[in-house]
Every structure is written in C-alpha cells, then in structure tokens.
Amino acid sequence: MSTKKSIVVFIFIVLSLALAAYQPGSPSPEPDQPSDEQVQPANPPSDQGGPENPPDLAVAAEILGITEQDLADALGPPPPDFAAAAQTLGITEQELQNALFAAGAPMSEPPADQPLANSGSETTTAPVQQASVASDQTMVSKSAVAGGYPIVDTGQTACYNDQNAISCPQAGAAYYGQDAQYAGNQPSYTLSADGLTVTDNVTGLTWTQSPDLNKDGTINVDDKLTFAEAQTYADAVLNPQNYGGYNDWRLPTMKELYSLMDFRGTDPVIGGGTAGLTPFIDTTYFAFGYGDEAAGERNIDAQFWSSNTYLGTVFGNQTATFGLNLADGRIKGYPSGDQGPRPKLNYVYFMRDNTTYGVNDFTDNGDGTVTDNATGLMWSQDDSGTGMNWEEALAWVQQKNAENYLGYSDWRLPNAKEMQSIVDYSRAPDATNSAAIDPVFNITQITNEAGEVDYPWFWTSTTHVKSNGSGFAGVYISFGRGLGSMDSVNVIDVHGAGCQRSDPKNGNRDDYPTWGNGPQGDVRRVFNYVRLVRGSAQFIEGAGSGADASVQPPAGNQPSGGQPPVGGSPPQAGDGPPQEAINACSGLSANAACQFTAPHGEVSGTCLAITEQLACVPAGGPPGQ
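Residues numbered from 1 in each chain as written. Predicted model: local features only at pLDDT ≥ 70, side-chain atom pairs only at ≥ 80, totals over all residues. Heavy atoms only, no water.

Draft legend 1. Focus on the layout of surface pockets. Looking at the largest pocket, its volume works out to about 1,000 Å³. Residue lining of the largest pocket: 39 residues in total, with Arg-298, Ile-300, Gln-303, Pro-519 and Gln-520 positioned closest to the centre. (1 Å grid on protein atoms, 1.4 Å probe; cavity = no way out; pocket = protein on both sides within 12 Å on 5 of 7 lines; lining within 4 Å. Points joined across faces, edges and corners; volume = space filled by probe spheres on them.)

Shown next, in the form of structure tokens:
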C-alpha cells in the first residue's frame, strides 16, 4: 500500500473511532442513575476496532468540488485535524465529514426512531416535506451542524416570481436560488405521552404543547398574558407543579421562539375570518388559536411573547418586547410597559432545555467572511452596499458566484430563519448607536424616511405567501428601525430593530418608499439590501433535472440535530459508497427517499449521484460535534 493510502487508512480509522464514540445530548449520568433525557443507542457500537479500508479520496474530492491532491494536502499527516483541514479548504467541518461519509466511510449513530424526550414519550412521525426543484444542479440537505444552534428549515416548498407560484427556475434564470430550492434541517417533533409537551428533535428544545393556559379546551383571549405576567408565570405556576415532568420552564428568547416558525403558513386578510387559513406553526404537534374575534380581537391577534425586550421604544415612547405573530408570520416589538392605553395581551409557548440555542459564535476569518460556529454558516462580512428588488437580489447572488466572490462560488440569499439568526437583540440604533448586528459584520449606514441615521432591511430568499396564494411579498429582516406611520405623515419606529416583516418584491423606484401601509402603517421600501451566506446545501451535478425534480428531506423523528443513523459494510478501498447504499437506490431516481439496514440500525436518506451511480446517502451525513 502506498504512503498516501496508508495516511488515508489512518484518517479513516481515526474518524470512525471518534464517531463511534459519539453520544448526542448532555454528559452521561452515573450508570445506576440513567437520565430520562439521554438518548441511548438501541445497538451499542461494536467492541472491534475501526474498519481496515478508507473512503475514496477521489470521491470525496469530487463531492467537494476540489482536487484529490488538495484534499489530501489539507488532511495532512496523521492524526488529522478536521477543523484545520476544513478551514484550509474553505468549507465547514461538517461538510468535510459529509463528503468522507459519502465516499464510503461507515459511521455509528443511535437509531433514528429513538425519541429525544423522556423515556415515556410517545414517538410521533413528522410530516415529510418536499421541495420542488428544476435545475441541473439540485441542492440537497446537509442537516448536521457543528455547534449548538441548528437552524430549522423554513418549510417553504414552492417557488415564486414577484406575483405567483412558478416552477422552480434553473441556474442562470430569473428567481433562481430561492428558499424552496434548498433543504436544511427538516422540522421534526416528538409529542410526549401525556400530550403536555413537544420536543423539537432538531434544536433540542422542549415546549409546552398548547397556549390554553386555563385548560378549558378553548384557546382564546382568556389564555393571554401581559408581558409582566408572562415573565413570572413559569416560576409561579408551571415549575411548582413539575409540569410535564419538568421544573425548569422559562419564557423563550426571540431566536428560540422563531425556531418554531413554519413558512408553509399563509398571511390572512384582516377581518376575513379564519376558514381555510394555515398558521405559521406545525399544528400536527402544537395547539394554536387565532385571535378571539368574539371578544373583539382581529383574526391575526395570535402573537406570542418572547423574553427579548427591545432596547429602543415603539410608537414614540412605549417600551416594547419582541414577539412572534404565528397568524400572519411576522416578528415585531409589542408594547409591554404601562405607557400605552392598555396592557398588550399575547399568548405564550413556554420552553426548556438547550440554553445554548440562539447563541452565536462568530469568527472573523480575515478574508472578508465570518463563520458562525454555532450554526455552521459562513457569511459575507460586507453587505451589498445598495438596495435592490427581490429579483435583482437573487440575480446579484448569481453574479457574485460567477465572480468567485471571496474565493467561493456557492453563495446563497439566506432564508428568513438564517438571516434572523444573526440579529443581535442586545443592540439597537437608539440604545447603542448601531445596527442590531454583531460588530464583526460591516453594515451600510443609511438615512431613513424620518431623516435619522439608520441601517437597512435585508432581503431573504423566503416568500411571504398570502392566504389567496399570492407570492408578491418577500420576507425581510430589519437590522435598523422597523418603521411605519400611524397618520400617513410622521414616520416612527413601530416594530423595532430586529423585526421581521415583508415588502413587495418589485416596484418602480420612483414610487418607493411609501408608508401608511397595513394596520401599523408599515414603510415599504422594495429596494432592500443583501448579505450573502453559504453552507448547509450541496450542489449535486446532473441530479434533479426536469420541472418536477424534488429534494426529499428525512421523515420521522430523529435525534437532536436531525441526523439519522448511518452505517453499512466497510467498503473496499476505492469502491465508493457501501454496497447496501447502492442497492437501496436500485430502480429509484435521483433525490428519491431510500432506506437500508446497517449493522447499527435502519438508515434513511436520499438517493444521490456518487461516482456516476446512485447511492443512499443519509440526510446530514455523519454526526457533527
């Protein structure tokens, strides 16, 4: 065996042994005191040593779009430093591990059907979601992330132009690269046996299942709390009664709450009732109620409190706290003090666990990029420097990829949940004289419609769909003030820096901005800014051609982080994927769901083209850190 092959064998052994020892979740308790939250493998790893044969570096290099020599050089002599190798290659450590797995590295992982919740929890299968894609380069899921802040996919599965749903466009065409053409960490939940709690298997957060606080079977205004009441309710009511078996319930942060956001929802017509509407949360698992119209509320009055108080003020002088409207799909700062005419009442989902969720870990890479080690995403340090409409924003991303901007050609327009992940709610223009973003990023300064120094709103790739199916509005995140006008003349901050709203995707520059739109008189700019992101998606050459090609995310419940088990017989050097993985895709087309039995359990994944043959690649690849 050559020296190069020997190094590869050693790399594979080290990787396999490290991953075989991997246990998700919290540190293990003493053997005689098992934790009711610990995920236990149904089949423990074998006591035998690591496999004798390595993955094929040529296959891994092909997946990563680099040369085999560059990959070998980055991995270096044993023992390999995967984090350093990934940094050298300009990819995430998870992308490197995914490629090594797809190239034939069998890994060990707890079975996919093991619930994350306590041992008495009931396993409930999450709905399968599909993304319609039409491109010679189909993007598929890489769910696993290295840090403790995995971003749950938006759930958006249809593509749109600036008005209506369309067949997803091909590379180079208008509107290419939007939300539905990427699949991230697919939503996966487990309902507890007593029906009181829901565990998010991606984020590791556990939630109260219903906002019906008085337990009368009806979710209405009687269940709503002021912000002051919401702050004390968990400790006053839930924790003393050990609700759902836990005594550490708390009010969620805005980022924790936004993890539940599901953009399959539809934005209602105010006053149009609730028939035929879809809320912005998965009601397969969560109980939900629209506004209590019988009590004089609007149908859209289904706002939920977070714990993040806005550092500025809204409506001129009112203190505010951010919340999420799961009826119309928006974030805003709701008056939460005593300056207004009456206290604002909102619903609440209380939560517990994973206190690191929503905590960013930024690294300035010194090359114009910033990596968030918590989410696994890489961002451009600079923004676009100018505003553009939604179609232009998507085209600008393609242009930057053609330029190999900052050394990369796989930039994306971030989806709504990715963009919101870099909001810094501890900053606001009025309080810190800065945008609501970490200073590791550069952000263009603007003069807003009220003549104030301010910061832009940023387009996302997500469409804000109306209840009639219209896709004329795109979602934006505001890193400056969330402006509106209650009298159609004076422009003020009505939503707060860090809000999420929507703008028309297109319009004549001479006609915008406008204000006085909607119930809070929103300013409409249309021409918003762009910040690039990369990571979490992989381009597969030659897969998914045709208008009806689709990405098939994983179904069912999975351990925290969304990674199903992986395994299979050790491949022979140079053979590529395990034979079981190849057999699982026999007779199937690219991106079809697949399954096979491996030594450590059932493997579920997607059929992908690896070295000119289809093989079943588990969603997310090997487990992350």
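Draft legend 2. A look at the nonpolar core. Residues Phe-286, Phe-288, Leu-326, Tyr-349 and Phe-479 are the most contacted members of the largest nonpolar core, which totals 60 residues. Leaving out residues up to four positions away in the same chain, Phe-286 has contacts with Tyr-189, Val-198, Trp-207, Thr-208, Gln-209, Leu-260, Ile-281 and Tyr-349. (Core = buried A, V, L, I, M, F, W, Y, C linked by side-chain atoms within 4.5 Å. Buried < 20%, exposed > 50% of the residue type's maximum accessible area, 1.4 Å probe, protein only. Contact = heavy atoms within 4.5 Å.)

Draft legend 3. Spotlight on the environment of Thr-278. By the element assignment, Thr-278 lies in the loop between α7 (254-258) and β8 (303-309). Its relative accessible area of 32% is what places Thr-278 among the partly exposed residues. Taking the C-alpha atoms as reference points, Thr-278 and Thr-266, separated by 12 residues in sequence, lie 5.4 Å from one another. Look past the residues within four positions of Thr-278 in its chain and what remains in contact with it is Arg-264, Gly-265, Thr-266 and Tyr-290. (Helix = DSSP H or I, 4+ residues; strand = E, 2+ residues; numbered from the N terminus.)

Draft legend 4. Expanded view of the sheet that holds strand β5 (residues 189-191). Strand order across the open sheet formed by 4 strands is β5-β6-β7-β11, with antiparallel pairing between neighbours. The open sheet terminates on both sides in strands that have one partner only, identified here as β5 and β11 (351-352). Of the pairings in the sheet, the one linking strand β7 (residues 206-208) to β11 comprises 2 bridges and is antiparallel in character. Residue pairing across strands places Thr-206 opposite Arg-352, the latter belonging to β11. (Pairing = 2+ DSSP bridges.)

Draft legend 5. Representation of the sheet that holds strand β24 (residues 533-534) in the model. Strand order across the open sheet formed by 4 strands is β12-β13-β14-β24, with antiparallel pairing between neighbours. This sheet does not close on itself; its edge strands, each paired only once, are β12 (362-364) and β24. Examined bridge by bridge, β12 and strand β13 (residues 369-372) share 3 bridges and lie antiparallel to one another. Among the inter-strand pairings, Thr-363 is bridged to a residue of β13, identified as Thr-371.

Draft legend 6. Structural detail: the packing of helix α3 (residues 68-75) against helix α4 (residues 82-89). Direction vectors running N to C along α3 and α4 enclose 140 degrees, while the axes themselves pass 8 Å from each other. Between α3 and α4, the interaxial angle falls into the category oblique. The interaxial crossing formed by α3 with α4 has right-handed handedness. On α4, the residues that touch Asp-70, Leu-71, Ala-74 and Leu-75 of α3 are Phe-82, Ala-85, Thr-88 and Leu-89. Classifying every residue of the contact of α3 with α4 gives 6 nonpolar, 1 polar and 1 charged. (Axes fitted to C-alpha atoms, helices over the stretch in contact; angles between N-to-C directions. Parallel < 35°, antiparallel > 145°, perpendicular 65-115°, else oblique. Left-handed = near helix turned anticlockwise from the far one by under 90°. Nonpolar A, V, L, I, M, F, W, Y, C, P; charged D, E, K, R; others polar.)

Draft legend 7. Region of the structure containing the pattern of salt bridges. On inspection of all chains with the given rule, the structure shows 20 salt bridges. In this structure, Asp-267 engages Arg-330 in a salt bridge whose closest nitrogen and oxygen atoms are separated by 3.1 Å. On the criterion of sequence distance, the pair formed by Asp-267 in the loop between α7 and β8 and Arg-330 in strand β10 (residues 330-335) is long-range, its members being 63 residues apart. No difference in accessibility class separates Asp-267 from Arg-330, as the two residues are buried. (Salt bridge = Lys/Arg side-chain N within 4 Å of Asp/Glu carboxyl O.)

Draft legend 8. Quick look at the confidence of the model for the chain. Averaged over every residue, the pLDDT of the chain is 78; residues scoring 70 or more account for 72%. Confidence over residues 1-53 falls short of pLDDT 50; this stretch has 80 contacts with residues more than four positions distant or in other chains. Note on residues 620-625: pLDDT is under 50 here. Beyond four places in sequence and across chains, it has 34 contacts. (pLDDT = per-residue confidence, 0-100.)

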